[in-house]
Amino acid sequence: MAKYMSMEHLRYVLFDVMEGEQLFKFERFQDHDKDSMNIFFDSIKDFSDQELYPCFREMDEQPAHYDNGKIVVHPALEKILPQTGELGLVAAPFDYEDGGLQMPLTFHTAAMFIAEAANNNVPGYPGLTGGAANLIATFGSKVLKEQYVPNMLTQEWGGTMCLTEPQAGSSLSDITTTATPSENGSYKIKGQKIFISGGDHEYSSNIIHLVLARIDGAPAGTKGISLFVVPKKRINGDTLENNDVLTAGDFQKMGQRGYCTTHLVFGENDDCQGWLLGEANFGLKYMFQMMNGARIAVGRSGVAISTAAYYASLQYANERPQGRRLTNTGQKDLSQGQTLIINHPDVRRMLFLQKAVAEGSLALMLQTALYHDLHMVSEGAEKEKYYFLEELLTPILKTYPAEMGQTSVSNGLQILGGYGFCSEFVLQQYHRDIRIMSLYEGTTGIQSLDLLGRKVTMKGGKAMMLIGQEMGATINEANTYDELKPYAKKLSEQMHLTTKVVGFLTGFAQKGEFERFLSDATLFMDFFGTIVLGWQWLKLATAAKKALVTGDKTQTEEFFESQIHTMKFFFKYEIPKTAGLAQSMMDTEVLTLKEEKELIL
Amino acid sequence: MKFLVCVSKTPETTAKIAFSGDGSQFETSGVNYIMNPYDEWYALVRALELKELHGGSVTIINVGPASNDAVIRKGLAIGADNALRVNAEPNSSLYIAKQIAEHAKTENYDVIFCGKESIDYNGSEVGAMVAELLDLPFISFANHLDLEGNLATVSRDIEGGIEVAEVETPIVVSAAKGMAEQRIPNMRGIMMAKRKPLSVVEPFDFADLSVPVHFQLPPEKGGCVYVDGENMDELVRLLHQEAKVI
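Residues numbered from 1 in each chain as written. Chains lettered and ligands numbered in written order. Predicted model: local features only at pLDDT ≥ 70, side-chain atom pairs only at ≥ 80, totals over all residues. Heavy atoms only, no water.

Chemist: Teacher, can you tell me more about the overall build of chain B here?
Modeler: Scanning chain B for helices and strands turns up six helices and eleven strands. Each of the three principal axes of chain B carries a C-alpha extent, and together these read 70 × 45 × 40 Å. The buried share among the 246 residues of chain B stands at 42%. Taking all contacts inside chain B whose residues are at least 6 apart in sequence as the whole, residues at least 24 apart take part in 70%. Surface exposure of chain B reaches about 13,100 Å², of which carbon and sulfur atoms provide 51%. (Helix = DSSP H or I, 4+ residues; strand = E, 2+ residues; numbered from the N terminus. Buried < 20%, exposed > 50% of the residue type's maximum accessible area, 1.4 Å probe, protein only. Contact = heavy atoms within 4.5 Å. Areas by Shrake-Rupley, 256 points an atom, 1.4 Å probe, with all protein chains shown as cover.)

Structure (structure tokens):
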């Protein structure tokens, strides 16, 4: 079987770099330990090897589709979906009292990453089920929790989030789905939702939709949006009966074709019942709790796909002979046989880029999840600190692995030459699959507005100050090793540049020029995301250097040397890009603001 | 019925095997360990299936240091009821077999399972030695085992067919592919395993008869040579002068 991820690298980042074991000292997570987590990871890897990876290509070749009022998905899901519940992939992070296992998100994310690298069509099903169940568990009444959560945690029932409507995507204030109070305490739901991932299929006996809708007479805009539990089949005593949720069609996509995307119609026959979750008009606030988890999950998908693509390219580069190395005379020695393409510098550059993006993003993913867990279990000032750090990193995690993941996978495809463009090889599938990650759960533009417009400025720049302290701690540790000092200095310089750029941009906000302030938010995301990855790479390399120096080695010497070398690659080839981005952002010339005369012709 | 499953810890199948400079030690840096697949997938799972059919208990035994506990816990997570670790650093199959036999001789197990071999040393010795030490029947490389009262029906592949044997318990069986299908432990089982008994006992006093002196890797395989399809002369030259096969 082809390699699609590295358990060694995952364990290295999780235990040696992030010191994930620190979480087990907290009461919430005290029933877990390193051994049990490693057994769980091995279980997920076995499951992924045996069930997920073998049907990855088939799910693309035989995509989910709409047929006669139903969504038809790959038949392997009949076995796979219950297994995701049985293994604990849905229930893992939930509270014991809700039937969960109180696993830290850091470790749950690592487990889902394994499955997603094997087959990115599948984890969205249990992932959304868990997200929907989490909202019910958090905001639902005792009755709603008892009715829905247990069957969702086993994945016997699926779950979705229904936000987008034909006329309202990024702008949710414009949704028109209505909820009319009924005498029995439920609401009559009426409206249409599109782009609903996992919205319908035959391998869940019920699907629980969490639907944003407006209660009759609610205020306009986002303040009038409520959240409803709307099952495909409603509970009537011991039986399930249809709840007037119609699947009107599906969306055929360029990638992730095994993961169904549906168009749902609620209340076509005026018989769709929904139950209010939490308080009226707080729906968007509740949904954003799920959205944060979903954004971390999308970032995880980008990491997983770029990782799988890296190993596919690496295998090809190690097997494909082509051309000869240049000799010191500048000529090729034609008497020599062809060399493997991994020996050509430009191919090596592309492979290092793939590795730098994939492994650096994995570190960012686990770092963000670790801040989430520490926020959950800490108290007082520490709790606030981790909240700000998680809030700041979440849009970056959502974006960097998606955007740079595309570049990374594209380079991976390039390594295969013409074969990369052919369906016989998997790179083209990864290339198509990863494209959605910069669109799901808020596009890159939306994430960038969130980062610069909200996260950088919140509480007077507190999050930026805290991330600066975290980077400073890494720089101090790196400075204890001569080999790493030049890179610690470079990161320090990048922090100063960040201060300069943020100061320049926020100046517009202070003057009330908000559109100008945010007009280059996506450039800022690219700029700051690259610096954050540089920080993560310095952290990875410092842990590797420490292991080599102390002899306390969990991995081979080559593994640690590879980490340090890839860090150097990132600082040589990626970090310098920030200078150009900073120059563009601080240029006083304004070219993208809408003016009276339209020049985009 | 009482079942005993002998398990060993082995390097993962993809682990890069290396030795210290003088060849006296196995280089453990970067090596991840697993339960020997023949012990886990076939021996342990068939023992659990038989327990589910006939009742009783499944005990895991391992002879090794405390670092083996993670592997033992995986066995408990899969479904074994309890486990015993003989706290030792064994150097030979005979030492391991002696320790297992010493434990088993008073426990009246109906079936003692082990995998057909461990995937590190590939010795296939422990099961036979345990049987001999306990004076029990031994059937190796079994790929099917049914129990009816104290009568066991055991099958194994032989050259050109299948051999079926009937034997009265207690017996020792080494399990091969086909005996059962792997069970992947779930997180709830993994957490419950922490509450199952794992006893640690000091080894029975037995002077090991052998000590490994030196390890070495097999010679590296030569690289693949690609010859242009139009260049038959070069192919003939290589086969004649370098491969020396014509």
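Chemist: Got a minute to help me understand the state of the cysteines in this structure?
Modeler: Residue and element names in this part refer to chain B. Counting across every chain of the model gives zero disulfides over all chains. Cysteine 6 forms no disulfide, and the closest cysteine sulfur to it belongs to cysteine 114, at a distance of 5.4 Å. Relative accessible area serves as the criterion here: at 8%, cysteine 6 is assigned to the buried category. (Disulfide = S-S within 2.5 Å.)

Chemist: What is the right way to read the interface of chain A and chain B from this model?
Modeler: Facing the 30 residues of chain A at the interface are 17 residues of chain B. Regarding the contact of chain A and chain B, the summed buried area is about 2,100 Å², with carbon and sulfur atoms giving 55% of it. If you look at where chain A meets chain B, you find two salt bridges. Linking B:Arg73 and A:Asp33 is a salt bridge whose minimum nitrogen-to-oxygen distance equals 3.1 Å. Put simply, chain A and chain B have ten residue pairs in polar contact (both at pLDDT 80 or more) between them. At the level of elements, α1 (7-17), α2 (34-52) and α4 (77-87) of chain A are the ones that each hand at least two residues to the side of chain A that touches chain B. Of all the elements, α2(A) adds the most residues to the side of chain A that touches chain B, at ten residues. (Buried area = accessible area lost by both parts, 1.4 Å probe. Salt bridge = Lys/Arg side-chain N within 4 Å of Asp/Glu carboxyl O. Polar contact = N/O pair within 3.5 Å; in protein donor to acceptor, adjacent residues only side chain to side chain.)

Chemist: Please clarify how the pattern of salt bridges should be interpreted in this entry.
Modeler: Side chains carrying opposite charge are able to pair once their charged atoms draw close together. For the coordinates displayed, the defined rule picks out 44 salt bridges over all chains. Residue A:Asp60 is joined to A:Arg432 by a salt bridge in which the shortest nitrogen-to-oxygen separation is 2.7 Å. Of this pair, A:Asp60 sits in helix α3 (residues 56-61) while A:Arg432 sits in helix α11 (residues 427-433), and the two are 372 residues apart along the sequence. The residue B:Lys105 makes a salt bridge to B:Glu102 at a minimum N-O spacing of 3.2 Å.

Chemist: Any chance you could explain the confidence of the model for chain B here in plain terms?
Modeler: When pLDDT drops low, the exact placement of atoms in the prediction is not to be read closely. Across chain B, the average pLDDT comes to 93, with 100% of residues at 70 or higher. Scored by ipTM, the complex comes to 0.90, with pTM at 0.94. (pLDDT = per-residue confidence, 0-100.)

Chemist: What am I meant to see in the nonpolar core here?
Modeler: Across soluble globular proteins, you tend to see nonpolar side chains buried next to one another. Residues A:Phe41, A:Ile136, A:Met287, A:Phe524, A:Phe527, A:Phe528 and B:Phe113 are the most contacted members of the largest nonpolar core, which totals 220 residues. Residues within four places of A:Phe524 in sequence aside, it is in contact with A:Leu451, A:Leu452, A:Val456, A:Val501, A:Val502, A:Leu505, A:Gly529 and A:Met585. Ranked by size, the runner-up nonpolar core spans 21 residues in total, among them B:Val63, B:Ile112, B:Val126 and B:Ala131. (Core = buried A, V, L, I, M, F, W, Y, C linked by side-chain atoms within 4.5 Å.)

Chemist: Please explain a nonpolar patch on the surface as it appears in this structure.
Modeler: A contiguous nonpolar patch, built from B:Met232, B:Leu235, B:Val236, B:Leu239, B:Val245 and B:Ile246 and spanning about 510 Å² of accessible area, is present on the exposed surface. Considering the arrangement of structural elements, one finds B:Leu239 in helix α6 (residues 232-242). (Patch = residues over 30% accessible without salt bridge, like charges linked within 9 Å, V, L, I, M, F, W, Y side chains within 5 Å.)

Chemist: Is there a simple way to think about the sheet that holds strand β10 (residues 171-175) of chain B in this case?
Modeler: Each strand in a sheet pairs with another by means of backbone hydrogen bonds, the pair being arranged parallel or else antiparallel. All names here are of chain B. With respect to topology, nine strands assemble into an open sheet ordered β9-β8-β7-β10-β6-β1-β4-β5-β11, the strand pairing being mixed. At either end of the open sheet lies a strand with only one pairing partner, and these are β9 (161-168) and β11 (198-201). Within the sheet, the average angular offset between the axes of one strand and its neighbour, ignoring direction, is 30°. Running at roughly 155° to strand β6 (residues 111-115), helix α1 (residues 37-54) makes contact with β1 (2-6), β4 (57-64), β6, β7 (138-148) and β10 of the sheet. (Pairing = 2+ DSSP bridges. Axes fitted to C-alpha atoms, helices over the stretch in contact; angles between N-to-C directions.)

Chemist: Any chance you could explain α1(B) here in plain terms?
Modeler: Count 3.6 residues to each turn of an α-helix, and residues three or four apart come out pointing the same way. Residue and element names in this part refer to chain B. For α1, spanning 18 residues, the distance from its first C-alpha to its last is 25 Å, which sits close to the expected 26 Å at 1.5 Å a residue. Buried within α1 are the following residues: Pro37, Tyr38, Asp39, Glu40, Tyr42, Ala43, Leu44, Val45, Arg46, Ala47, Leu48 and Leu50. Looking one or two places after α1, you find glycine 55, whose phi comes out positive at around 80°. (Expected span 1.5 Å × (residues − 1).)

Chemist: Looking at this model, I keep getting lost on a negative patch on the surface. Mind explaining?
Modeler: Residue and element names in this part refer to chain A. Where like charges cluster on the molecular surface, the negative patch consists of Glu19, Glu21, Asp35 and Glu477. Relative to the elements of secondary structure, glutamate 19 occurs in the loop between α1 and α2. For glutamate 19, a relative accessible area of 46% corresponds to the partly exposed category. (Lys, Arg positive; Asp, Glu negative; His and termini not counted. Charge placed at Lys NZ, Arg CZ, Asp CG, Glu CD.)

Chemist: It is not clear to me how the packing of helix α6 (residues 124-139) of chain A against helix α8 (residues 283-319) of chain A should be interpreted in this structure. Could you clarify?
Modeler: The axes of two packed helices give the description: the angle between them and the distance between them. All names here are of chain A. In the contact formed by α6 and α8, the axes pass within 10 Å of each other and the chain directions differ by 140°. Judged on the interaxial angle alone, α8 and α6 are oblique. You can see that α6 and α8 cross each other, and the crossing is right-handed. Residues Leu128, Gly131, Ala132, Asn134, Leu135, Thr138 and Phe139 of α6 touch α8, and the partners they reach there are Tyr286, Met287, Gln289 and Met290. Its residues assigned to classes, the contact of α6 with α8 shows seven nonpolar, four polar and no charged. (Parallel < 35°, antiparallel > 145°, perpendicular 65-115°, else oblique. Left-handed = near helix turned anticlockwise from the far one by under 90°. Nonpolar A, V, L, I, M, F, W, Y, C, P; charged D, E, K, R; others polar.)

Chemist: How do you make sense of the side chain of B:Ser29 when you look at a structure like this?
Modeler: By the secondary structure assignment, B:Ser29 is in the loop between β2 (9-11) and β3 (33-35). Of the residues examined, B:Ser29 reaches a relative accessible area of 17% and is grouped as buried. Within polar-contact distance, the side chain of B:Ser29 engages the side chain of B:Glu27 at 3.1 Å. With sequence-adjacent residues up to four places away left out, B:Ser29 is seen in contact with A:Lys553, A:Thr554, A:Gln555 and A:Thr556.

Chemist: So what exactly am I meant to see when it comes to the packing of aromatic side chains here?
Modeler: Aromatic rings considered in pairs are described by the distance between their centres and by the relative angle of their planes. All names here are of chain A. The tally for this structure, following the rule as stated, stands at 31 aromatic pairs over all chains. Between phenylalanine 41 and phenylalanine 107 the ring centres are 6.3 Å apart and the planes differ by 15°, which places this aromatic pair in the stacked class. Within this pair, whereas phenylalanine 41 is found in helix α2, its partner phenylalanine 107 is found in helix α5 (residues 105-118), the two being separated by 66 residues in sequence. An identical accessibility class is assigned to phenylalanine 41 and phenylalanine 107; each is buried. With centroids separated by 5.8 Å and ring planes inclined at 15°, the aromatic side chains of phenylalanine 524 and phenylalanine 528 adopt a geometry described as stacked. Placement of the pair is phenylalanine 524 and phenylalanine 528 together in helix α16 (residues 521-550), with a separation of four residues, close to one helical turn. (Phe/Tyr/Trp six-rings, centres within 6.5 Å; stacked < 30°, edge-to-face > 60°.)

Chemist: So what exactly am I meant to see when it comes to the pairing of β1(B) here?
Modeler: The side chains of a regular strand alternate between both faces of the sheet. Residues and elements named next belong to chain B. Where burial is concerned, most of β1 is hidden: four out of the five residues are buried. Two elements, β1 and β4, share five bridges in a ladder whose sense is parallel. Opposite lysine 2, over in β4, you have serine 57 as the bridge partner. For β1 and β6, the ladder comprises four bridges, and the chain directions are parallel. Note that in β6 the partner of valine 5 across the bridge is phenylalanine 113.

Chemist: Help me understand the pairing of β7(B), please; the structure alone is not making it clear to me.
Modeler: All names here are of chain B. Looking at chain direction, β7 and β10 are connected through three bridges and run parallel. Bridge pairing links isoleucine 139 to valine 173 in β10. In sequence, β7 turns back onto strand β8 (residues 151-158) through a hairpin of two residues, with glycine 149 there showing a positive phi of about 60°.

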